[in-house]
Every structure is written in structure tokens, then in C-alpha cells.
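What follows is each chain in one-letter form.
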Amino acid sequence: MAATVGRICGARLLKNYGLVGPQVCQLSTNAQGWTKSRKLLLSTLGVIGGGAGALLFALEQSVDASGTEAHPYHQPWSHNGWFQSLDHASVRRGYEVYKQVCKACHSLQYVAFRNLVNVTHTEAEAKAEAAEVMIKDGPDEEGNYFERPGKLSDYFPSPYPNENAARAANNGAYPPDLSLIVLGRKGGEDYIFSLLTGYTDPPAGVALREGQNYNPYFPGGAIAMAQVLFDEAAEYSDGTPATASQLAKDVSTFLRWCSEPELDDRRLMTIKAIGIFSTLAAIVYYYKRHKWSSLKSRKLAYKPVSKK
Ligand code: HEC
């Protein structure tokens, strides 16, 4: 590339010895005076670039439009926006929904009980939550595996011992782990909310197999998970009315926290970084003006040497 550009511009650079001052190679759009090879090169680049852009656009559009699934509505989450933190009361309620409903089928294998401390629960509460579940541990001194009450350092136990057992219990479908589901699905928490609240009867002409349910937000429409959230499907400890949409909203917020537990810290860093960098920018700007003021305001005069 450099050699080609050099060849195209270099020839003319060399011709300029007779002129006053150096001539810089100009990549202007004025086609006059372009060599044939330069015209050819630039038009080929233009055609290839334009073609690749059009192809990418067409592929993206066709993928968007190829499915029959409904696109989730973009909800006004309280944590939308650069400076918003998660609603921790909602995350706590979402944990209660997970514990009372989703935990029966879905694992949450990358979240540990200690992660709840100072996020949704106090340390004592999180210890009590952990102690409620039995964790498989071992081997002990005699080489046996045993079960013991959970500790803060334990991860959430999975409802099934392995994937095959999970499939066998769910008509062959595998309930995915929910730890990273918000990042793992297009639409994030909007998708989760729409999926949980979007169950309807199948439209005319759509036949579902045994154990399938119709959900327009799920790709293909036929999902093995039945509707699980109804009004009063779970109980909140803070007395919030447990409507189906409230449960869906809270569990979506909770899953957002599971996928991105560092969200609040990152937003705090953004605020700090903006504060620090804007102060620095102001100082640098002032310093630059200060240093350049004498250079910019000076006047240079050239006196022609008089011929005597
Ligand atoms: C009775 C078991 C069961 C319960 C309870 C349950 N699910 Fe599911 N879930 C499934 C199964 C099975 C699938 C796999 C569906 C498929 O692939 O067709 C699934 C899939 C999902 C998916 C993935 C959808 C996708 O795009 O692939 C999400 C998200 C989900 N469930 C969220 C939840 C949440 C949140 C709860 C609790 C409110 C919950 N589920 C409760 C069985 C369950």
C-alpha cells in the first residue's frame, strides 16, 4: 500500500525541484492531474468499500427480519443511563422470586451467597440464606461424601445433578444457567421481562407439540418452559404487591445484577473519572494557553538584506 501511494505521489514530488517551497503529496478529491493508476486504485477501493458496507447492512437487516419472534419492548429500567445504580430493593425482591420460583429448574452456578452481602442482604441474613440449603461436600476422613448446611463461600446449588437429569425432567429441554443470561440474550433484561410476561395462546395455524408453550418473544415461538409467573406466584418479605409484572420486573433486575455485579462500581467510576478528567482538562487547557501566550502574540518580521 505504502509503495503504491509512494509511486503515485512520489513521481510528482521529484519533479518539483524547480519550484519554490516543498510540495506535499495531496490526496485531494480534485481528479484533475491524477495518474491513471491512482484513479484505478481509488475507484477500486471505493467500489470494494461501498460493496462491503452494503453487504453488511443487508445481512444485518435480513437477520433482524428473518425471525417471526416479537421484539421486546424497551422498558424504562431505573438503572438505565450512565449514572444510575441498580434498584437494590428490587434486586432483593428478585432474589426472592428466583428462590421461590426459578430455583426449581434453573441453576445460578456463578453466584455465591457471599455475593449477596451488602448488595441485597446483611452478612447475618446471607449466612441464614446459605444455611437453608444443603451442599454436597467431601470426601471426609473415611473417604465418604456428605451433605452439610451451606456457608457464605458456597455457590448456589443446582437443582439437578447434571444436564441429562435436567433434560429428563423437562421434556428434553435444558433450562439454561441464569448467572449470565441477561448478557447472553439479545435484548437483555427487556427480553427476560417480555419472555416471562408474554405467554399467550398460540395463533391459528400454529401447532405445538406435547410439553410446548407459545411465547411470541422466544425464537420459533414454541418454548418448553411453561408460564411460571402469575399474580401471587411468590411472596415478598417487604410487602410489595406480588403482581405477575412486578415479579417479572424484579427477577429481571436481579438477573441483571447476577450478570453484571460490577455495574454500580462501574457507574461510580464513571462519575469519578468525569470529575477528575474535567479538572485535569481545565488545568491542561490553562497551562497550554499560558505557555503559548508569548509565542502566539509575538510578531516576526523579516528584513530583506539591502543590496549595496
Ligand atoms: C418448571 C421448570 C422451570 C421453571 C420453574 C422456570 N423455568 Fe425457565 N426454563 C425452563 C426450561 C425447560 C427452559 C428451556 C426452554 C427451551 O429451550 O425451550 C427454560 C428457559 C428459560 C430461559 C431461556 C430462554 C431462552 O431465550 O433460551 C430463561 C431466560 C428462563 N427460563 C427464565 C426463567 C425465570 C426467570 C424463571 C423464574 C421466574 C424460570 N425460568 C422458571 C424451565 C423452567
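Cut-offs applied
Residues numbered from 1 in each chain as written. Predicted model: local features only at pLDDT ≥ 70, side-chain atom pairs only at ≥ 80, totals over all residues. Helix = DSSP H or I, 4+ residues; strand = E, 2+ residues; numbered from the N terminus. Buried ≥ 20, exposed ≤ 12 C-beta atoms within 10 Å, placed from the backbone. Contact = placed C-beta atoms within 7 Å. Expected span 1.5 Å × (residues − 1). Near = placed C-beta within 6 Å. Nonpolar A, V, L, I, M, F, W, Y, C, P; charged D, E, K, R; others polar. Axes fitted to C-alpha atoms, helices over the stretch in contact; angles between N-to-C directions. Parallel < 35°, antiparallel > 145°, perpendicular 65-115°, else oblique. Left-handed = near helix turned anticlockwise from the far one by under 90°.

### Comments concerning the overall build of the protein chain
Piece 1. Tallying secondary structure elements over the protein chain gives nine helices and four strands in all.
Piece 2. Beginning at the N terminus, the succession of helices and strands in the protein chain can be written as α-α-α-α-β-β-α-α-α-β-β-α-α.
Piece 3. Residue burial in the protein chain is summarised as follows: out of 308 residues, 18% are buried.
Piece 4. Contacts spanning at least 24 positions in sequence make up 61% of the contacts within the protein chain whose residues lie at least 6 apart.

### Some thoughts on helix α3 (residues 88-100)
Piece 1. Between its first and last C-alpha atoms α3 spans 18 Å; for 13 residues at 1.5 Å apiece the expected length is 18 Å, and the two agree.
Piece 2. When we look at burial in α3, the residues that qualify are Ser90, Val91, Arg92, Arg93, Gly94, Tyr95, Glu96, Val97 and Tyr98.
Piece 3. Looking at the packing, one finds that the buried side of α3 touches α8 (244-259).

### Re the site of the ligand
Piece 1. What surrounds the ligand is a group of 22 residues, the closest being Cys102, Cys105, Pro175, Ala224 and Met225.
Piece 2. It is helix α7 (residues 188-197) that contributes the most residues to the shell around the ligand, three residues altogether.
Piece 3. When the residues that make up the shell around the ligand are grouped by side-chain class, the tally is 19 nonpolar, two polar and one charged.

### Notes on the packing of α7 against α8
Helix packing for two helices is described by the angle between their axes and how far apart those axes are.
Piece 1. Closest axis-to-axis distance for the α7/α8 pair is 9 Å, and the angle between their directions is 150°. The pairing of α7 with α8 is recorded here as roughly antiparallel in orientation. Two packed elements cross with a definite hand, and for α7 against α8 that hand is right-handed. For the pair α7 and α8, the contacting residues are Glu189, Ile192, Phe193, Leu196 and Thr197 in the first and Ala244, Ser245, Ala248, Lys249, Ser252, Thr253, Leu255 and Arg256 in the second.
Piece 2. Partitioning the contact of α7 with α8 into residue classes produces six nonpolar, four polar and three charged.

These figures come from the coordinates and say nothing about function on their own.
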